[in-house]
Amino acid sequence: MNKPLENQKESSRRNFMKAGLTMGTAFFASPILAGGTSKSSEATSGKASITKTRTLGSGKHSLEVTALGLGCMGMSYHRGRIPDRKVSISLIRKAYEAGVNFFDTAEVYGPYTNEDLVGEALQPFRKEILVSTKFGFNIQNNQMAGMNGRPEQIRKVAEESLKRLRTDVLDLFYQHRQDPNVPIEDVAGTVRDLIQEGKVRNFGLSEVNVETIRRAHAIQPLTAIQSEYHLMWKKPEEGVLSACEELGIGFVPYSPMNRGFLTGMLNSQTKFFAENDNRAGLPRFQPDAMAANRPIVEALIDFGHQRGLTPTQVALAWLLHQKPFIVPIPGTTKEAHLMENLAAAEITFSEAELKELTETIAGMTVYGDRYTPVEQSRVQN
Ligand SMILES: NC(=O)c1ccc[n+]([C@@H]2O[C@H](COP(=O)([O-])OP(=O)(O)OC[C@H]3O[C@@H](n4cnc5c(N)ncnc54)[C@H](OP(=O)(O)O)[C@@H]3O)[C@@H](O)[C@H]2O)c1
C-alpha cells in the first residue's frame, strides 16, 4: 500500500484538517447531527456512513487517500477564466493544509499548464501527497488532436509528466480515453513496464466499460477507474461499480457536481466564457436544458435546507454514501468553495434520508446529453 501520510508534519496537518472541517461545518452546515441523523454508534450502526480516508485499489496497488480529492483541471482548463497562477498555487496548498492528499491533473489540461501548476504547488510536500495524471491524447499546436494510446506515446507522456510535476514517480497514471486502435492489453502492459521501472506506481482508466476493465486488470491490476458519476449521471451503476467492487478497484467520480450545475450557481442566464469553458458547447448546459433541469437543483436545495447543507454538500455526500471505495474529486478555483466541499466528508445520512434523496432525484427527468457526439464517441459508456 502506498501511504504517504507518514512524517511528523502529517499529524499537525491532520489537526489542521479537523479544525478546517469543523470550521467548514460550522460555516456551512451542521451536517452530522442534522435532520434526524445522529453521531451515536447506536444511531449510525447499520446505516450508510463515510470515513475521512478511503482506499482505492487493493494490496500492492492500493492508495490511501482522503475521502475527497481535489480536481485541479478548472484552474487551467475548461472552466472559464483562468485565475492568477499564484492564486491557484495558494489554493492547492490550502487544500493540502486542510488535509487533502489526493490531487488530480492530466497532460491535456491546458494542455500541459495544469500539470506544471500542480507540480509547482505540490513540490514542497510532494512526499506527503498523491498525484494522479493522465495520458491518451495527441497534442498538436497546443490543442488536443485525437486519441493516442500507443506504447511509445504513453512512455513519452510519462517522462514529460514527471518533469512537469517535478517528481520521480507518478502515483496514479490513468488512460484518459481508450484508443480504439490500440488493444487495452498493450496499454496495460506498457503501464506495467513503467511500474516495474519505478516511474509509475499505479494504473487507472477513465470512461471505460466492464470488458475493458477486466482485460486491463488481468495484465496490470487497476487501482482506480475515473468516470463521470453524480446524481444526474448514474451510468456507472450499470456494471462498472459492481465490477470495481468485485475486482477490488477504486472508483473516482469526476465532475461530481455535474460540472458545477448541482451547486445551484448555474442557470439558464449563465454566460460561459466560451474560449475556455467546454460547458458552452455541451447539450446539458444550453439554456433550455439548464432551465428544464432546474427542479433537480431545487430538490437538492430543499433537502439541504432541512439539514443545514448546501446543494453541493448534498451532492458530494450522496456520492460518498454510494460505496466505501468512492473518492470524488470536486474541482474549484475558490477557497470558500473548497472548504464548503471538504465539509461534505463529515456528513452522514440515515438510510431513510439517503433513500429519500436518491428516489426524489431518480424520479426526475434529466434533459440534455452530457457530451457532444464527438466527445460521446470517445467514451465507452
Ligand atoms: N477523466 C475525465 O475525463 C475528467 C473529465 C472532467 C473532469 N475531470 C476531473 O474532475 C475534476 C472536477 O470536474 P469538473 O471541474 O468538471 O466538475 P465539478 O467538480 O463537478 O464542478 C466544478 C465547478 O463547480 C464549481 N464549484 C465547485 N465547488 C463549488 C461550490 N461549493 N459552490 C459553487 N460552485 C462550486 C466550480 O467553480 P468555482 O471555481 O467557482 O468553485 C467549477 O466551475 C476536474 O478538476 C478533473 O480533475 C476528469
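Residues numbered from 1 in each chain as written. Predicted model: local features only at pLDDT ≥ 70, side-chain atom pairs only at ≥ 80, totals over all residues.

Under an unreviewed UniProt entry, the name given to the protein chain is Aldo/keto reductase, and the organism recorded is Algoriphagus aquatilis.

S.K.: Looking at this model, I keep getting lost on the overall build of the protein chain. Mind explaining?
M.R.: On a plain count of helices and strands, the protein chain comes out with 13 helices and eleven strands. Pairs at least 24 apart in sequence give 78% of the contacts found in the protein chain among residues at least 6 apart. (Helix = DSSP H or I, 4+ residues; strand = E, 2+ residues; numbered from the N terminus. Contact = placed C-beta atoms within 7 Å.)

S.K.: Help me understand the confidence of the model for the protein chain, please; the structure alone is not making it clear to me.
M.R.: Low pLDDT marks stretches whose predicted atomic positions should not be read closely. Confidence in the prediction for the protein chain averages 89 pLDDT; 87% of positions are at 70 or higher. Between the elements of the protein chain, mean pLDDT differs from a low of 30, seen in helix 2 (residues 41-44), to a high of 99, seen in strand 8 (residues 172-175). For residues 1-51, every residue scores under 50 in pLDDT, and the model assigns this stretch 96 contacts once sequence neighbours within four places are set aside. (pLDDT = per-residue confidence, 0-100.)

S.K.: Can you walk me through the pairing of strand 9 (residues 203-206) in this structure?
M.R.: Looking along a regular strand, one sees side chains alternate from face to face of the sheet. The side-chain alternation of strand 9 yields two buried faces, one formed by Phe203 and Leu205 and the other by Gly204 and Ser206. Relative to strand 9, strand 8 runs parallel, the two being bridged by three bridges. From the neighbouring strand, Phe173 faces strand 9, where its bridge partner is Phe203. With helix 6 (residues 184-196) bridging strand 8 and the parallel strand 9, this β-α-β connection has right-handed handedness. As judged from the four bridges shared by strand 9 and strand 10 (residues 222-228), these two strands associate in the parallel manner. Counterpart to Gly204 in the pairing with strand 10 is Ala224. Each parallel crossover has a hand, and for strand 9 linked through helix 7 (residues 210-219) to strand 10 it is right-handed. (Buried ≥ 20, exposed ≤ 12 C-beta atoms within 10 Å, placed from the backbone. Pairing = 2+ DSSP bridges. Right-handed = clockwise from strand over helix to strand, strands pointing away.)

S.K.: When you look at unusual backbone geometry in this model, what are you seeing that I'm missing?
M.R.: Across the junction of Gly110 and Pro111, the peptide omega takes the value 0 degrees, indicating a cis bond. Secondary-structure assignment places Pro111 in the loop between strand 4 (102-104) and helix 4 (113-122). The phi dihedral of Asn141 is positive, around 50 degrees, even though this residue is not glycine. Looking at where Asn141 falls in the secondary structure, it is placed in the loop between strand 6 (137-140) and strand 7 (143-147).

S.K.: What exactly am I supposed to notice about the packing of helix 7 against helix 8 (residues 240-247) here?
M.R.: Any two packed helices are characterised by how steeply their axes cross, that is the angle between the axes, and by the distance between the axes. Where helix 7 contacts helix 8, the axes come no closer than 9 Å and their chain directions differ by 20 degrees. Taken together, helix 7 and helix 8 sit at an angle that is classed as roughly parallel. Taken as a pair, helix 7 and helix 8 cross one another with a handedness that is right-handed. On helix 8, the residues that touch Val210, Ile213, Arg214 and His217 of helix 7 are Val240, Ala243 and Leu247. When grouped by side-chain class, the residues that make up the contact of helix 7 with helix 8 number five nonpolar, one polar and one charged. (Axes fitted to C-alpha atoms, helices over the stretch in contact; angles between N-to-C directions. Parallel < 35°, antiparallel > 145°, perpendicular 65-115°, else oblique. Left-handed = near helix turned anticlockwise from the far one by under 90°. Nonpolar A, V, L, I, M, F, W, Y, C, P; charged D, E, K, R; others polar.)

S.K.: For this particular structure, what's the right way to read the environment of Ala344?
M.R.: Mapped onto the elements of the fold, Ala344 is located in the loop between helix 11 (335-342) and helix 12 (351-362). Judged by the 30 C-beta atoms lying within 10 Å of it, Ala344 is buried. Beyond its immediate chain neighbours, meaning those up to four positions away, Ala344 contacts Leu68, Gln313, Leu316, Ala317 and Leu320.

S.K.: Mind showing me how you'd approach the sheet that holds strand 8 here?
M.R.: Backbone hydrogen bonds hold the strands of a sheet together, and the pairing may be parallel or antiparallel. Ordered in space as 3-4-5-8-9-10-11, the seven strands form an open sheet in which the pairing is parallel. Unpaired on one side and paired on the other, strand 3 (70-71) and strand 11 (250-254) mark the two borders of the sheet.

S.K.: Teacher, can you tell me more about the nonpolar core here?
M.R.: Among soluble globular proteins, nonpolar side chains are generally buried collectively. Within the largest apolar cluster, 95 residues are counted, with the highest numbers of intra-cluster contacts made by Ile92, Phe103, Val118, Phe173, Val191, Ile225 and Ala344. For this core, the element with the highest residue contribution is helix 10 (residues 311-320), accounting for seven residues. Residues within four places of Ile225 in sequence aside, it is in contact with Gly204, Leu205, Val208, Ile213, Val240, Cys244, Ile249 and Phe251. (Core = buried A, V, L, I, M, F, W, Y, C linked by C-beta atoms within 7 Å.)

S.K.: It is not clear to me how helix 12 should be interpreted in this structure. Could you clarify?
M.R.: Side chains of residues three or four places apart in an α-helix project in the same direction, reflecting 3.6 residues per turn. For helix 12, spanning twelve residues, the distance from its first C-alpha to its last is 16 Å, which sits close to the expected 16 Å at 1.5 Å a residue. Burial in helix 12 covers these residues: Glu353, Leu357 and Ile361. Take helix 12 and look down its axis: the buried residues cluster within an arc of 50 degrees, on one side only. Structural note: helix 12 exposes Glu351, Ala352, Lys355, Glu359 and Ala362 on the side pointing more than 90 degrees away from its buried face. (Expected span 1.5 Å × (residues − 1). Arc of directions from axis to C-beta.)

S.K.: Hey, could you run me through the pairing of strand 11 in this one?
M.R.: Burial of strand 11 is extensive: four of the five residues sit out of reach of the surface. Two strands pair when backbone bridges link them, and strand 10 and strand 11 are joined in this way by five bridges, in the parallel orientation. Residue pairing across strands places Glu228 opposite Tyr254, the latter belonging to strand 11. Taking the sense of rotation as the criterion, the β-α-β connection linking strand 10, helix 8 and strand 11 turns out right-handed.

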